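# Observations on chain architecture
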Amino acid sequence: MEILAWTLIVLGFATTAACAVHLTRRRQRDASQLARSLHRTAPALLAVGLLPLPALLATDAPATVWGLWGAEAIVAALVYAAADARRDIPGPGAASRARSEP
């Protein structure tokens, strides 16, 4: 069961990295497109934090595994928070459009 916990944690870090790349590489200027991508990646980021927990509770896992699980959950939350904050920032053309409006 400890091997399952280690495997889920490694897969969780890979999933978090893939979600971070997906959310930052998309050249989205529209907040609705970023919101759609954010809603698609949110379940994966939530699963990253929750899936290893039953395997950790079922075994007498060392503190290293618990620490990595906590770090993984924090990183997943930071990826989501950064993408959510970026969604609220206006695009580069918003300032010029605001100046040209009466």
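Computed from a predicted model, the values in this text were never measured in an experiment.

Criteria and cut-off values
Residues numbered from 1 in each chain as written. Predicted model: local features only at pLDDT ≥ 70, side-chain atom pairs only at ≥ 80, totals over all residues. Heavy atoms only, no water. Helix = DSSP H or I, 4+ residues; strand = E, 2+ residues; numbered from the N terminus. Expected span 1.5 Å × (residues − 1). Buried < 20%, exposed > 50% of the residue type's maximum accessible area, 1.4 Å probe, protein only. Contact = heavy atoms within 4.5 Å. Phe/Tyr/Trp six-rings, centres within 6.5 Å; stacked < 30°, edge-to-face > 60°.

Turning next to helix H1 (residues 2-25). Along its 24 residues, H1 runs 35 Å from first to last C-alpha, staying within 8% of the 34 Å computed at 1.5 Å per residue. Among the residues making up H1, those that are buried are Ala 5, Ile 9, Gly 12, Thr 16, Cys 19 and Leu 23.

Our next topic: the side chain of Thr 16. Mapped onto the elements, Thr 16 comes out in helix H1. Ignoring sequence-local partners within four residues, the contact set of Thr 16 consists of Leu 45, Val 48, Val 75, Ala 76 and Val 79.

As a further point, take the packing of aromatic side chains. Counting across every chain of the model gives one aromatic pair. Both rings, one in Trp 66 and one in Trp 69, keep their centres 5.7 Å apart while their planes meet at 90°; by these two values the pair is edge-to-face. Pair noted here: Trp 66 and Trp 69 are both in helix H4 (residues 63-88), with a separation of three residues, about one helical turn.

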